[in-house]
Every structure is written in structure tokens, then in C-alpha cells.
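Residues per chain are reported as follows:
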Amino acid sequence: MNGYEFFIDPSRCIGCKACMQACMECDTHRGRSMIHLEFVDRAATTQTSPVVCMHCEDPVCAQVCPADAIKQTEDGIVHSSIKARCIGCSNCVLACPFGVPHYVAAIDQMMKCDMCFDRTSIGKKPMCATVCPSQALYYGRAEDIERLRPEQPVNEFHFGQQTVRTKVRLMSAPDSDYLDFDVLDYMEGAPLPICK
Amino acid sequence: MQVNPRWRQDFPVSCDDDTYATRREFMKFLGLTSVAFLVGTCAAAARRWWIQLRGAQSRPIAIARLEDIPVGGHKLFRRPSEDDPCILLRLGPERFVAFEQRCTHLSCPVHFNAANNQLVCPCHHGFFSAEDGRPIAGPPKRGLTRLAISVQGAQVWVRFGKDEKA
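Residues numbered from 1 in each chain as written. Chains lettered and ligands numbered in written order. Predicted model: local features only at pLDDT ≥ 70, side-chain atom pairs only at ≥ 80, totals over all residues. Heavy atoms only, no water.

Examining the overall build of chain A
Thinking step 1. A count of helical and extended segments in chain A gives 6 helices and 9 strands.
Thinking step 2. If you take every contact in chain A between residues at least 6 apart in sequence, the share linking residues at least 24 apart comes to 52%. (Helix = DSSP H or I, 4+ residues; strand = E, 2+ residues; numbered from the N terminus. Contact = heavy atoms within 4.5 Å.)

Here is the structure:
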């Protein structure tokens, strides 16, 4: 829509949670935030990272949904589960490599970030991107962010042998075309990949 | 490149594919819906025909003694089952009529107003003639079903099934 894309730069996140508060204001999921902050390594640093849905080109959450409840629109937005279909099995919660879907037990339904579809579909910015004071969440044109920032936007992630391409881009080191993750790096006792 | 399995075509991830109805699917829906309506109509007609046939073959039943109902009075009864309320009216010394008590609008029970010689449905103010059950005013468009009755001896008899005179 308007050539605008969503960019996340975790290194800019200051942990203010303004994005979470703004997300709660949204009419489509009033009072419940679809974005959350992850602590990178809570014992060692206060650094946080905002987690919004990356809107995979081939969404794993939808692929593993046994109830056919998660749909992707033509513009690449992967939506929250359809209430009438969701059976609350949490398959999507377990399958998502980014840890985005959230099972809400009170309504027995999975809910997730839909990039403020009610806003972005009419040309407005997502709530979180409008309030982020450090622009860790940025919604704009790719050429603008390339001009303004030294980091490289990346939308290809390798999780072991699984390759995931996303609509949302993550700002990464210059000249990096993709990000490589190995589950073993994140298991207990493993050295922190950030320290490698 | 991953090839989608056959079942994925029936359960696509894409919102547009999920809501897309092919011409063949639409025609199948139309055809099956039409057949369902046809079967339903035939079943309803067959049921009505069967009830009338059974009523015509049933033996008359005494429902009231003449001295029990004064002229201008009425008596409620339930036949052929407990779910079928009926009303017997005495319009004159020798004149009795009986109707199903369900209003033909939304099945509220109708009540006899002897002063106006009418059957009145209080739910939506439907009015029927007590003489033959035809609708006079209000929402009902069909007359009340009239039952075949006869006076034999000192009793009023009813035989279930639609009165052919009505």
C-alpha cells in the first residue's frame, strides 16, 4: 500500500513500551497488545527487542493450522485467526519461528499482529510505528530508510534448513543478505550468539 | 520450489482463494438447494395429505354433550393429539362449528367473541368469522381449518380431517 514497508531495528529499541500501549488502543483488539518486547539477555543487558508479526510470504502458522483459521490477504498481511474456525490448539504458537502468535485462553482464540490492517489498508501507519520515539519500528518507503540509515534491511531468515521470507524487514548489519539462526545456539548452556 | 499438496487447494492460505467460488461450485450450490426445497415441499405436502387421509378414515369421537355448551358458548379440546388445540362453538340451538384453534398467522390460539360472532387472535389482532373461519381483518390471510362435526343423539361428534364443506 503506497509503497510503504515495515522495518524493525531492535538496536534502536529503548524498552519504553509505547508501542504496546498504542497497540492496546486499537479498536479491533481493544485493551490487548499484539506486540510485545523481548529481552535480549536480561541478565547481561537491558536491551529489548520489539516483536511484531513478520508476515511471512509462506506463513508457517497458517500452514500448520488444522482448522484453516489463519489467512493471508493479497497484500501479504497474515491475519489473526478467524474466530469461527480457531480451535485454540496453539499449533501456530509453537510453529512460528519468531514467537508471534499469542493464544488468548479467555476467548480460546489465537491473536496476532495484523499490521493494523484497519489502518494500513486505508493508507495509515500502524499504531506502533506512529508512536515509537526511537523509530525502532518504522513504516515508510524502502528508499527513505536506505538513505537515512546505515543498516541493511533483511527479509530472509534461515532457521536450520528452513528458509523464511517475510514482508516485514529487519535492519541488520550492512551487506548482510540474510540472517542465519541455529536452534542449538539458543539452547540452555550455549554461548550467546550475540557474543560470537 | 515446494509444490502444494492436493488438499491445500481445498484449504488455501490465501484469503482470496478461500472465498473464491467457481462457477461449477455455485451451480452445484444452486442445484442442491433447489432439490432440497423441492424435497421439503413434497414432504410437507405428503405429510398433510397423510394426516387428511388418516382423519378421513378415523372414527368419529364424541367431544361434548349438548347441554354442556349453551348457545354462544364454546369448548376447547385437543385432537387428534395433545399438540392440536381445537375449539367447538355453539352458534345456535342446532348449529355447531369446530376449528383448529391455531391462528393461521403465527399459531397463537384464537378466542371466541360471541358478541361479534368472531374468533379473535390477541397476538396481532387477527379476526376470523365464527361462521366459516374465513379471515376478516388483521395479518392472517388463510382461514382457520374447519373440522367435520355432526350432532347425533345428545352429543357432538367430530371426525378429524378437513371439513369438505369448509
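A closer look at the confidence of the model for chain B
Thinking step 1. Of all residues in chain B, 95% have pLDDT values of 70 or greater, and the mean over the chain is 89.
Thinking step 2. The ipTM, which scores confidence in the relative placement of chains, is 0.74 for this predicted complex, and the corresponding pTM is 0.63. (pLDDT = per-residue confidence, 0-100.)

Quick look at the packing of aromatic side chains
Residues and elements named next belong to chain A.
Thinking step 1. What the rule picks out here adds up to 7 aromatic pairs over all chains.
Thinking step 2. Residues Phe98 and Phe159 carry aromatic rings whose centres are separated by 5.4 Å and whose planes lie at 85° to one another, so their mutual orientation is edge-to-face. Of this pair, Phe98 sits in the loop between helix H3 (91-95) and strand S4 (102-104) while Phe159 is found in strand S7 (residues 152-159), placing the two residues 61 residues apart along the sequence.
Thinking step 3. The exposure class assigned to Phe159 is buried, which follows from its relative accessible area of 17%.
Thinking step 4. Chaining the aromatic ring pairs together yields one cluster made of Phe98, Phe157, Phe159 and Phe181. (Phe/Tyr/Trp six-rings, centres within 6.5 Å; stacked < 30°, edge-to-face > 60°. Buried < 20%, exposed > 50% of the residue type's maximum accessible area, 1.4 Å probe, protein only.)

Some words on the layout of surface pockets
All names here are of chain A.
Thinking step 1. By volume, the largest pocket is sized at about 1,200 Å³.
Thinking step 2. Along its surface, the largest pocket is lined by 34 residues, and Val40, Ser49, Leu170, Phe181 and Tyr186 are the ones closest to its centre.
Thinking step 3. Of all elements in the fold, only strand S2 (36-39), strand S3 (48-51), S7, strand S8 (162-172) and strand S9 (179-181) reach the threshold of two or more residues within the lining of the largest pocket.
Thinking step 4. Split into classes, the residues belonging to the lining of the largest pocket amount to 22 nonpolar, 6 polar and 6 charged.
Thinking step 5. Put simply, the second largest pocket is a space of about 970 Å³. (1 Å grid on protein atoms, 1.4 Å probe; cavity = no way out; pocket = protein on both sides within 12 Å on 5 of 7 lines; lining within 4 Å. Points joined across faces, edges and corners; volume = space filled by probe spheres on them. Nonpolar A, V, L, I, M, F, W, Y, C, P; charged D, E, K, R; others polar.)

Some thoughts on the side chain of Thr120 of chain A
All names here are of chain A.
Thinking step 1. Note on placement: Thr120 falls in helix H4 (residues 117-120).
Thinking step 2. For Thr120, a relative accessible area of 5% translates into the label buried.
Thinking step 3. In terms of polar contacts, Thr120 uses its side chain to reach the backbone carbonyl oxygen of Met115, at 3.0 Å. (Polar contact = N/O pair within 3.5 Å; in protein donor to acceptor, adjacent residues only side chain to side chain.)

Concerning the interface of chain A and chain B
Thinking step 1. Contacts between the two partners involve 11 residues from chain A and, on the opposite side, 9 residues from chain B.
Thinking step 2. Counting the surface lost from both chain A and chain B, the interface buries some 780 Å², and carbon and sulfur atoms represent 42% of this.
Thinking step 3. Together, Gln63, Asp68 and Lys71 of chain A form the three largest contributors to the area buried by chain A at its contact with chain B, with a combined 51%.
Thinking step 4. At the junction of chain A with chain B, the criterion picks out 2 salt bridges. (Buried area = accessible area lost by both parts, 1.4 Å probe. Salt bridge = Lys/Arg side-chain N within 4 Å of Asp/Glu carboxyl O.)

Remarks on the sheet that holds strand S5 (residues 111-113) of chain B
Residue and element names in this part refer to chain B.
Thinking step 1. Sheet architecture is open: 4 strands sit in the order S5-S6-S7-S8, paired in antiparallel fashion. Strands at the two margins of the open sheet, each flanked by one partner only, are S5 and strand S8 (135-137). With direction set aside, neighbouring strand axes in the sheet form an average angle of 35°.
Thinking step 2. Where S5 meets strand S6 (residues 118-121), 3 bridges bridge the pair, whose relative direction is antiparallel. Within S6, the residue paired with Asn113 across the bridge is Gln118. (Pairing = 2+ DSSP bridges. Axes fitted to C-alpha atoms, helices over the stretch in contact; angles between N-to-C directions.)

Let's talk about unusual backbone geometry
Thinking step 1. Positive phi outside glycine occurs at Asp175 of chain A, with the angle close to 70°.
Thinking step 2. By the element assignment, Asp175 of chain A lies in the loop between S8 and S9.

Topic: the sheet that holds S7 of chain A
Residues and elements named next belong to chain A.
Thinking step 1. One open sheet accounts for 5 strands, arranged S6-S1-S8-S7-S9; its pairing is mixed. Looking at the sheet topology across the chains shown, the edges are occupied by strand S6 (137-141) and S9. The sheet shows a mean angle of 45° between the axes of neighbouring strands, taken without regard to direction.
Thinking step 2. Inspection of the sheet shows strand S1 (residues 4-8) paired to S6 by 5 bridges, in the antiparallel sense. Counted as the bridge partner of Phe6 is Tyr139 from S6.

Let's talk about the state of the cysteines
Thinking step 1. Within the structure shown, the criterion is met by 1 disulfide over all chains.
Thinking step 2. Put simply, Cys108 of chain B and Cys123 of chain B are joined by a disulfide, and their sulfur atoms are 2.1 Å apart. The disulfide joining Cys108 of chain B to Cys123 of chain B has a torsion of about -100° about its S-S bond and is therefore left-handed. Taken together, the positions of Cys108 of chain B in the loop between strand S4 (95-100) and S5 and Cys123 of chain B in the loop between S6 and strand S7 (126-129) put the pair 15 residues apart, joining distant regions of the chain.
Thinking step 3. Using a relative accessible area of 13% as the deciding quantity, one classes Cys108 of chain B as buried.
Thinking step 4. The closest cysteine sulfur to the non-disulfide-bonded Cys26 of chain A is located on Cys116 of chain A, 4.9 Å from its own sulfur. (Disulfide = S-S within 2.5 Å.)

Describing the pattern of salt bridges
Thinking step 1. Within this structure, the stated rule accounts for 13 salt bridges over all chains.
Thinking step 2. Here Lys71 of chain A makes a salt bridge to Asp68 of chain A, at a shortest N to O gap of 2.6 Å.
Thinking step 3. Residue classification places Lys71 of chain A among the buried positions, given a relative accessible area of 3%.
Thinking step 4. According to the relative accessible area criterion, Asp68 of chain A is buried, its value standing at 10%.
Thinking step 5. Residue Asp144 of chain A pairs with Arg147 of chain A through a salt bridge whose shortest N-O separation is 3.5 Å. Pair noted here: Asp144 of chain A and Arg147 of chain A are both in helix H6 (residues 142-148), with a separation of 3 residues, about one helical turn.
Thinking step 6. Residue classification places Asp144 of chain A among the partly exposed positions, given a relative accessible area of 23%.
Thinking step 7. When salt bridges with common partners are traced through the structure, they connect Asp68, Lys71 and Arg85 of chain A together with Asp18 of chain B into a single cluster.

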